[in-house]
Amino acid sequence: MRLFFSFFLLVACLSAAPVDWIWSARYVITMDPQRRVIEHGAVAIRGDKIVAAGPQADIDGAYQAKQRLDRPDALIAPGLINTHTHAPMVLLRGIADDLRLQEWLEKYIFPAEARNVTPDFVRWGTRLACLEMLMSGTTTFTDMYYFEDVIAETAKECGIRGVLGDTIIGFPSPDAKTPADALRFTTKFLERFRHDPLITPAVALHAIYTNTDDTLQKARAIANRYSAPLLIHLSETKRENDDMMTKRGKTPTAALDGLGVFNGRTLAAHAVWVDDADLTILRDRHVGIAHCPSSNMKLASGAAPVTRMLALDLAVGLGTDGPAGSNNDLNLFEEMDLASKLQKLVTSDPQTLPAQQSLEMATIRGARALGMEKEIGSIEPAKRADLITVRLDRPHAVPLYDVYSQMVYALKGSDVRDVMVNGRVVLRDAHALTIDAQHVIAKAEEFGRKVRQSLMTGPQPR
Ligand SMILES: [Zn+2]
């Protein structure tokens, strides 16, 4: 009898396909087209790809794993996607809060950046940001800052996925004297990272009001030459719109469309002050939107018409923005929670933007906003293995009636326990495997002292 049983075991093992990992949990939230939530589910991973997701018994029967991670008290979800941030600004976190945007920029941010932003600052700032993002479940971030090549190198070292572009802006910046320098830098950057498995190089225009028409159009042409996404801030404040109406008699959206800037992959951050005609343009040009509820609320910019955007099926993702003064952290769990609550508040409708839709924005719809929905954003066969586990055994996580509600309204970034990016485990039991957390935190304190000193005694900013 025992021999008979062993024979069956042997056959089962021989017929089971080899995989590198099986991850199992109490629930698997797939965000696939059917929006399957699998109770007692598992995911099989080979190399950098997801092979299958299904009931744990089926996955265990069909696959033989080299390693496994079983989390019966957790859920597995797709890694979260941050569609807008300026990651190294974590080193300026909370430098000056509760101010008007202009005063905040001119008195604090511009002088602090002019005196402190070097490749070294950017490298340590990115390490800190990556640590914070991975520990709160973000597996892809979209970034616009300076020395973006250093950010790309650091993101690769930390094992996080990045859609990254060096800021093109019409005044001298820490890494480019002129927009022409920034465009040259961008072309080199696109050449260097275009085939990278983790980095999607992008073209990052700061905004319409900080660039000339010529720069805007050249940037679009470069993006299209490399099929790269173009990132831009759009209609963040009412003032931006009022100024543009005075200057051109058009909204920023209509003006950019008239210049051909939307003719290709585009991701616009904020889109707070957009009217129905603007929304039609954004839909027709397939422009992705990075909605940043914390930033828009903290800077009193306004509330983006996300409910109307979703009714038009725009690709709206979530972004943290910041993090210096407009947020001040990189936690997408908070953005999901606030995105839903902000739309309910401004539409006076508690049924608008339900939890599942917020999670969609942080995953598959965010992937669509980046033009990467075939690669990331859901747990489906052949997609990149970007996964997180989230604990369900803390006081604020029980009891559980609806996984989407729990994920968006109750769970925290600090409940994230494990993270896999591109098939590599980068966070295990809430410990980063690719980043020396203690060293990074000590360095951040050191940079904080330097920045404070520079604001008291440093030379006048340019
Ligand atoms: Zn921004």
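Residues numbered from 1 in each chain as written. Predicted model: local features only at pLDDT ≥ 70, side-chain atom pairs only at ≥ 80, totals over all residues. Heavy atoms only, no water.

Participant: Explain the overall build of the protein to me, please; I cannot follow it from the model alone.
Facilitator: Along its length, the protein carries 17 helices and 17 strands. In terms of overall size, the protein behaves like a compact globule, its C-alpha atoms giving a radius of gyration of 23 Å where 462 residues would be expected to give roughly 23 Å. By principal-axis analysis of the C-alpha atoms, the protein measures approximately 85 × 45 × 45 Å. By the burial criterion, 57% of the 462 residues in the protein qualify as buried. In the form shown here, the protein has an accessible surface area of approximately 19,000 Å², with 54% of it arising from carbon and sulfur atoms. (Helix = DSSP H or I, 4+ residues; strand = E, 2+ residues; numbered from the N terminus. Rg over C-alpha atoms; globule rule 2.2 N^0.38 Å. Buried < 20%, exposed > 50% of the residue type's maximum accessible area, 1.4 Å probe, protein only. Areas by Shrake-Rupley, 256 points an atom, 1.4 Å probe, with all protein chains shown as cover.)

Participant: Explain helix 3 (residues 101-116) to me, please; I cannot follow it from the model alone.
Facilitator: Of all the bends in helix 3, the greatest reaches close to 35° and is centred on isoleucine 109; the proline proline 111 follows between one and four positions later. For helix 3, the full list of buried residues reads Trp104, Leu105, Ile109, Pro111, Ala112, Glu113 and Asn116. (Bend = angle between axes of the 7 residues up to and from the residue.)

Participant: Would you mind showing me how to read the pattern of salt bridges here?
Facilitator: In this structure the tally under the stated criterion is 34 salt bridges. We note a salt bridge from arginine 68 to aspartate 70, for which the minimum N-O separation is 3.0 Å. By relative accessible area, arginine 68 is classed as partly exposed at 35%. Across the pair aspartate 418 and arginine 71 runs a salt bridge, and its minimum N-O distance is 2.7 Å. Taken together, the positions of aspartate 418 in strand 15 (residues 416-421) and arginine 71 in strand 4 (residues 63-78) put the pair 347 residues apart, joining distant regions of the chain. Across the pair, exposure class does not vary: aspartate 418 and arginine 71 are buried alike. (Salt bridge = Lys/Arg side-chain N within 4 Å of Asp/Glu carboxyl O.)

Participant: Please clarify how the pairing of strand 6 (residues 138-145) should be interpreted in this entry.
Facilitator: Every other side chain in a regular strand lies on the same face of the sheet, so the side chains alternate between the two faces. Counting buried residues along strand 6, eight of its eight residues qualify, which places the element largely inside the surrounding structure. Two elements, strand 5 (residues 80-85) and strand 6, share four bridges in a ladder whose sense is parallel. Counted as the bridge partner of threonine 85 is aspartate 143 from strand 6. Pairing of strand 6 with strand 7 (residues 161-168), which is carried by six bridges, proceeds in the parallel orientation. Residue pairing for strand 7: phenylalanine 141 is matched across the bridge by glycine 162. Considered for its hand, the β-α-β crossover made up of strand 6, helix 5 (residues 148-158) and strand 7 is right-handed. (Pairing = 2+ DSSP bridges. Right-handed = clockwise from strand over helix to strand, strands pointing away.)

Participant: Got a minute to help me understand the pairing of strand 1 (residues 17-29) in this structure?
Facilitator: Both strand 1 and strand 4 contribute to a ladder of ten bridges, which runs parallel. Within strand 4, the residue paired with tryptophan 21 across the bridge is glutamine 67. For strand 1 and strand 2 (residues 37-46), the ladder comprises eight bridges, and the chain directions are antiparallel. Residue pairing for strand 2: isoleucine 22 is matched across the bridge by alanine 44.

Participant: What's the story with the sheet that holds strand 3 (residues 49-55) in this structure? I'm lost.
Facilitator: Two modes of strand pairing occur in sheets, parallel and antiparallel, and in both the strands are linked by backbone hydrogen bonds. In spatial order, the strands read 3-2-1-4-14-15-16-17; together these eight strands make up an open sheet with mixed pairing. The sheet terminates laterally at strand 3 and strand 17 (431-432), the two strands that pair on one side only. Here strand 15 pairs with strand 16 (residues 424-428) via three bridges, running antiparallel. Along strand 16, the bridge assignment pairs methionine 420 with valine 425. Here helix 16 (residues 403-410) sits on the sheet and contacts strand 1, strand 2, strand 4 and strand 14 (387-391); the angle it forms with strand 1, its principal contact strand, is near 80°. (Contact = heavy atoms within 4.5 Å. Axes fitted to C-alpha atoms, helices over the stretch in contact; angles between N-to-C directions.)

Participant: Would you mind going over the packing of helix 5 against helix 6 (residues 179-193) with me for this structure?
Facilitator: Angle between the axes and distance between the axes: these two values describe a pair of packed helices. At a minimum axis distance of 10 Å, the contact between helix 5 and helix 6 shows a crossing angle of 20°. As far as their axial angle goes, helix 6 and helix 5 are roughly parallel. Once helix 5 is placed against helix 6, the crossing between them reads as right-handed. Residues Glu148, Asp149, Ala152, Glu153 and Lys156 of helix 5 pack against Phe185, Phe189, Arg192 and Phe193 of helix 6. Each residue belonging to the contact of helix 5 with helix 6 can be placed in one class, and the counts come to four nonpolar, no polar and five charged. (Parallel < 35°, antiparallel > 145°, perpendicular 65-115°, else oblique. Left-handed = near helix turned anticlockwise from the far one by under 90°. Nonpolar A, V, L, I, M, F, W, Y, C, P; charged D, E, K, R; others polar.)

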